[in-house]
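In case you want the letters, here they are:
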Amino acid sequence: MRKRAAFALLSAVAALAGYAAPGAYAGETQTDVHISNVSFDGGKYIVVGLYAKTVTVSGTFTHPSGIQDADFVLWRGPDGANPYETYDDRIVSNQYYSHADCVASSATTSTCSQTISLEPDWKYGGTALTNAHAGTWKVSVQGVANDDSWTQTASYTTTRLQRQSVLTVNAGPEPAAGGKTLTVTGRLTRADWDNLDYRGYTSQPVKLQFRKAGTTTYATVKTVYTSSTGNLTTTVTASEDGYWRWNFAGTSTTPAVKATGDFVDVQ
C-alpha cells in the first residue's frame, strides 16, 4: 500500500502541470481522510544558512478506519501551468518526497510527521538549494486510511523558504561626550546559497533603535537603507546612557533580524 499511496501522491502533484490546485478540502467526502493542523516546526518559516537544515512537518489525520500512512510534498509554480517544481531529499532532481511517521492517538486519529532536509551544498548527487529557491512554497498533503481510502490536497497551506540573515551594530566613540556626535554602523548580510557564504543585502530599510539604560523598550530613531555591500551608517547626538541596535523587518526571502544592543556610556 505504501507504493500505491506514493504513486497516487506523485501523480496528483504532477497533475498540477495541467490542472489548478484544489482547496484544502476540495472534493472531500464522508469516507475521505480528514486533514488538519499541518505546520512546519510549529508554524515557523524554514530558515536555512550555509549548512543543511532539517525541519519537521506534521499534521493530524482522521478516518473511521484509522490512519495507515501520510505524505507531505513541497512544491511551487503557477497553478494549472508549467513550470512547477518540487523539492526532494532523495537522489532525484528538484523534488521533495518521503513517507511520514504516524502515531495513533485514538482508533480513528493519528499525528503524522515527516522530516525534510534542505541543503545549500548537496553532497549526494541531488539538487542543492540556490538563491532562486528562496520564497513561498506550497505544501501538498496526502493521508491514507486503513481501508485504503485517501485524501490528497495539492495546496493545503504555504510556507516560506528563507535565507538566514545576520545583523551587526557598533556605536561610538565610547565613552561618548554628552551633546556630541555618535556614529552608529552595522551590516546586514544573508546566506548566499549560490556561493556558500554571507553577502550584503542591498537597498534594505533598517530601523535604528535606542533603549535608555534601566528600561526594557526600544524606540525607533530613524530608518537607514543598506549600501551596495549591506553596510549601514548614520550619526545621532549622544544624550544619555543606553543601547543602540539595528532592526530589520525581513522580506519574503529573508527573515527579520535584530542586532544585539551596543551599550554607550555618555559622560
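Nothing here was measured: the structure is a model prediction, and the numbers come from that model.

Draft legend 1. The nonpolar core, seen in detail. The biggest cluster of nonpolar side chains holds 28 residues, and the ones touching the most others in it are F40, I46, F61, L118, V141 and L161. When neighbours within four sequence positions are excluded, I46 is seen to be in contact with F40, V55, L74, L118, T159, R160, L161 and Q162. By size, the runner-up hydrophobic cluster in this structure holds 22 residues, among which are A171, L188, V206 and V264.

Draft legend 2. Up close: the confidence of the model for the chain. Considering every residue of the chain, the mean pLDDT works out to 83; 78% of them sit at 70 or more. Every residue in residues 80-84 scores below 50 in pLDDT, and together they form 16 contacts with partners more than four places removed in sequence or on other chains.

Draft legend 3. The arrangement of the pattern of salt bridges in detail. Overall, the coordinates contain 3 salt bridges when judged by the stated rule. For the salt bridge of R199 with D197, the shortest nitrogen-to-oxygen distance reads 3.0 Å. Among the ionic pairs, E240 bridges to K212, the shortest N-O distance being 3.6 Å. Taken together, the residues span a long stretch of sequence, with E240 in the loop between β16 (231-237) and β17 (242-248) and K212 in strand β14 (residues 205-212) at a distance of 28 residues. Here the salt bridges share partners, and the residues they tie into one network are D192, D197 and R199.

Draft legend 4. A look at the sheet that holds strand β7 (residues 101-104). In spatial order, the strands read β1-β3-β8-β7; together these 4 strands make up an open sheet with antiparallel pairing. Single-partner strands in this sheet number two, and they are β1 (34-40) and β7. The sheet shows a mean angle of 20° between the axes of neighbouring strands, taken without regard to direction. Bridge count for β7 against strand β8 (residues 109-118) is 4 bridges, and the pairing is antiparallel.

Cut-off values and rules
- Residues numbered from 1 in each chain as written.
- Predicted model: local features only at pLDDT ≥ 70, side-chain atom pairs only at ≥ 80, totals over all residues.
- Heavy atoms only, no water.
- Core = buried A, V, L, I, M, F, W, Y, C linked by side-chain atoms within 4.5 Å.
- Buried < 20%, exposed > 50% of the residue type's maximum accessible area, 1.4 Å probe, protein only.
- Contact = heavy atoms within 4.5 Å.
- pLDDT = per-residue confidence, 0-100.
- Salt bridge = Lys/Arg side-chain N within 4 Å of Asp/Glu carboxyl O.
- Helix = DSSP H or I, 4+ residues; strand = E, 2+ residues; numbered from the N terminus.
- Pairing = 2+ DSSP bridges.
- Axes fitted to C-alpha atoms, helices over the stretch in contact; angles between N-to-C directions.

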